[in-house]
Amino acid sequence: MSNKRISRSCTKPKRCGSKNILVILAFLFFLAVIALITVGLTQNKPLPKNIKYGIVLDAGSSHTNMYIYNWPAEKENDTGVVQQVEVCKVQGPGISGYSQNVKDVGFYLNKCMDRAEQVIPKEQHRKTPVYLGATAGMRLLRLESSDLADRVLAAVKQSLTSYPFDFQGARIITGQEEGAYGWITINYLLGKFNQTINSWLHFLPSSEGPQETSGALDLGGASTQITFVPLKEDIESQDNSLHFRLYGKNYDVYTHSFLCYGKDQALRLKLVSNIQDAENEVLNEPCFHPGYKRVVNISELFNTPCIPEDKKSLKFQKLVLMGTGNYSACWQSIQKIFNTTYCPYSRCSFNGVFLPALQGDFRAFSAFYFVMDFLNLTEAGSSLERMITEIQSFCSEPWDKLKTQFKSIKEKYLSEYCFSGTYILTLLELGYGFGEHNWKDIQFMGKISGSDAGWTLGYMLNLTNMIPAEQPLYPPLSHSTYVFLMVLFSLVLAGVFFIGWLIFRKPSCLQKGTV
């Protein structure tokens, strides 16, 4: 009878310790699990985005674009990491076109500024700076009448200050600034200032040798700029020298802006040069397609400071342009607007302007890209000979055929691609000194990684040096504290498991044996 009792007692062995120990272990287990989860989630919770915004309006000679940029408030090496998040094209001409009707400037900008209010978070509106930079169109207007230029800028200010942003000013930037900021944009987007930030661009081919940055070639309607860093040559003209400090490095940059040599003003210069000896109002024009006809008012043609006063007199009031589509004759007529016979320096581009020896690769954007993109000539590595052949073939196309083929393009723009393509080749070859030996160093680009190539991003990058950096946001726990707590609670869990295993593994009756 006693043996049976002993047998039953060993069938359900009594666990070591009391039930209180089990309760304590369960409590410690759940406490350690909750602590591990809490510390892990709290420490690794995404930090709130501390983003700043900026708006730059590019008021060009023929149109205005609004760009919205943002960057983290914690700057790197004293320069913001800026990226483009929105672009809005303002409908209508450049702001200089409103010189006689300045009250309409406000309505002109409204649509894009309303868009900015939607894109930028409302809580950031008051902290978002707005800058308007006017380029060659306003430079020409200021030459014509500084009072008119001031009235336009005042109207722009009145319009922009009505929005809930931090208006920082509307001003006419110099040609040197326009060129230099375009150079900053290109090299920033190519990752040549800070490779750690732009490591995703490492697949792009980099120039060999000591050249650290790319040159920038910009072409607008009223001016054109060339900018690069000469490595082994002093800049003989200090008017063409600018100094920048970006990402902890200093750059001495050569830049020059040729006012009146944008594609629209250059066409006027060429036409005026051709009609000086004209005997009647009909002019055979080789830079327009065969069969093309345009009637131009002489007063409109002369309505620019780019035309010298001594050439603003003709005996007829209108000019009838008859296209002949001859590339060679067009090229020769364009050459006349470049003066390459005078140079007061060791070397020059044209019109007596100093130009160091070209070095490294160059990126051509704005109208350089738009024209060549239409002509399908933006492929990297295209030879000068091929471009000449393609443009020559395009210029000879009959006008009626082109109108049928490109119905969606306005006739004014379509009719000028022959001139613009020929002008670009002439400017690059005769004006800047590019030839067959280094033509491969030019790459025509519109966007780089979603950002437009142009001066506005460079402008914003430079201006962020003046925006105070904020303290970076950190996780609630330091790294050492985080590691200590994770290890501590992990050890608690391990200890609970081990003690529980001992209790359930070794019941007291089995330790004492069977009686």
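Here the structure is a predicted model, which means the values were calculated and not measured.

## So, the sheet that holds strand β13 (residues 362–366)
Link 1 in the chain: One open sheet accounts for 6 strands, arranged β8-β9-β7-β6-β13-β14; its pairing is mixed. The outermost strands of the open sheet, each flanked by one partner alone, are β8 (241–246) and β14 (442–444). Within this sheet the neighbouring strands show an average axis-to-axis angle of 25 degrees, counted without direction.
Link 2 in the chain: Each of β7 (223–228) and β9 (249–259) is contacted by helix α4 (residues 136–144), which is oriented at about 60 degrees to β9, the strand it contacts most.

## What about helix α5 (residues 146–160)?
Link 1 in the chain: With 15 residues, α5 should cover 21 Å at 1.5 Å per step; its first-to-last C-alpha distance of 21 Å lies within 8% of that length.
Link 2 in the chain: Considered for burial, the residues of α5 that qualify are L148, A149, V152, L153, A155, V156, S159 and L160. Projected down its long axis, α5 shows its buried positions confined to an angular sector of 155 degrees, all on one face.

## Thoughts on the environment of F444
Link 1 in the chain: When you line up the elements, F444 lands in strand β14.
Link 2 in the chain: Assessed through its relative accessible area of 5%, F444 is described here as buried.
Link 3 in the chain: In sequence terms F444 and S366 are 78 residues apart; their C-alpha atoms lie 9.0 Å from each other.
Link 4 in the chain: Discounting chain neighbours no more than four positions away, the residues touching F444 are A364, F368, Y369, M372, L377, T378, M387 and L428.

## Brief notes about the state of the cysteines
Link 1 in the chain: One pass over the structure, following the stated rule, counts 5 disulfides.
Link 2 in the chain: With its sulfur 1.9 Å from that of its partner, C287 forms a disulfide with C330. What sets the handedness of the C287 and C330 disulfide is the S-S torsion sign, and at about 100 degrees it is right-handed. On the criterion of sequence distance, the pair formed by C287 in the loop between β10 (282–285) and β11 (293–297) and C330 in helix α9 (residues 327–335) is long-range, its members being 43 residues apart. This pair shows no difference in class: C287 is buried, exactly as C330 is.

## Regarding the nonpolar core
Link 1 in the chain: Grouped together as the largest cluster of nonpolar side chains are 70 residues, with contacts concentrated most on L217, Y423 and L428.
Link 2 in the chain: In terms of residue count, helix α14 (residues 417–431) provides more of this core than any other element does, 8 residues in total.
Link 3 in the chain: Residue contacts for Y423: discarding those within four places in its chain leaves L219, Y261, G262, K263, A266, I334, I337 and F338.
Link 4 in the chain: I55, C88, A155 and I172 belong to the second-largest nonpolar core, a separate cluster that totals 35 residues.

## Let's talk about the side chain of D58
Link 1 in the chain: In this fold, D58 is placed in strand β1 (residues 51–59).
Link 2 in the chain: Although D58 is buried, it makes no salt bridge; R139 carries the closest opposite charge, 8.2 Å away.
Link 3 in the chain: Within the local environment of D58, its side chain forms a polar contact with the side chain of W455, the two groups lying 3.2 Å apart.
Link 4 in the chain: Ignoring sequence-local partners within four residues, the contact set of D58 consists of H63, T64, N65, Y67, G133, T135, W455 and T456.

## Some thoughts on the pairing of β1
Link 1 in the chain: With 8 of its 9 residues buried, β1 lies for the most part within the structure.
Link 2 in the chain: Here β1 pairs with strand β2 (residues 64–72) via 9 bridges, running antiparallel. For K52, the partnering residue across the bridge sits in β2 and is W71.
Link 3 in the chain: Across 5 bridges, β1 lies against strand β4 (residues 129–134) in parallel orientation. Paired with D58 across the bridge in β4 is G133.

## Concerning the pairing of β7
Link 1 in the chain: Summarising burial for β7: 6 of the 6 residues are buried, a large majority.
Link 2 in the chain: By the bridge criterion, 4 bridges tie strand β6 (residues 215–219) to β7 in an arrangement that is antiparallel. If you follow L217 over to β7, its bridge partner there is I226.
Link 3 in the chain: From the end of β6 to the start of β7, which pair antiparallel, there are 3 residues.
Link 4 in the chain: Across 6 bridges, β7 lies against β9 in antiparallel orientation. Its bridge partner being in β9, Q225 is matched across the sheet by S257.

## Description of the UniProt feature "active site" (unreviewed entry) in the chain
Link 1 in the chain: If you check UniProt for "active site" (unreviewed entry), the listed places come out as E178 in our numbering.
Link 2 in the chain: Mapped onto the secondary structure, E178 falls in helix α6 (residues 175–189).
Link 3 in the chain: Note on E178: relative accessible area 7%, which makes it buried.
Link 4 in the chain: If we skip the residues at most four places from it in the chain, E178 touches T135, R139, I173, D218, S223, Q225 and W455.
Link 5 in the chain: Within the local environment of E178, its side chain forms a polar contact with the side chain of R139, the two groups lying 2.5 Å apart.

Calculation notes
- Residues numbered from 1 in each chain as written.
- Predicted model: local features only at pLDDT ≥ 70, side-chain atom pairs only at ≥ 80, totals over all residues.
- Heavy atoms only, no water.
- Pairing = 2+ DSSP bridges.
- Helix = DSSP H or I, 4+ residues; strand = E, 2+ residues; numbered from the N terminus.
- Axes fitted to C-alpha atoms, helices over the stretch in contact; angles between N-to-C directions.
- Contact = heavy atoms within 4.5 Å.
- Expected span 1.5 Å × (residues − 1).
- Buried < 20%, exposed > 50% of the residue type's maximum accessible area, 1.4 Å probe, protein only.
- Arc of directions from axis to C-beta.
- Disulfide = S-S within 2.5 Å.
- Core = buried A, V, L, I, M, F, W, Y, C linked by side-chain atoms within 4.5 Å.
- Lys, Arg positive; Asp, Glu negative; His and termini not counted.
- Salt bridge = Lys/Arg side-chain N within 4 Å of Asp/Glu carboxyl O.
- Polar contact = N/O pair within 3.5 Å; in protein donor to acceptor, adjacent residues only side chain to side chain.
- UniProt positions renumbered as here; feature names shortened; annotations may be inferred.

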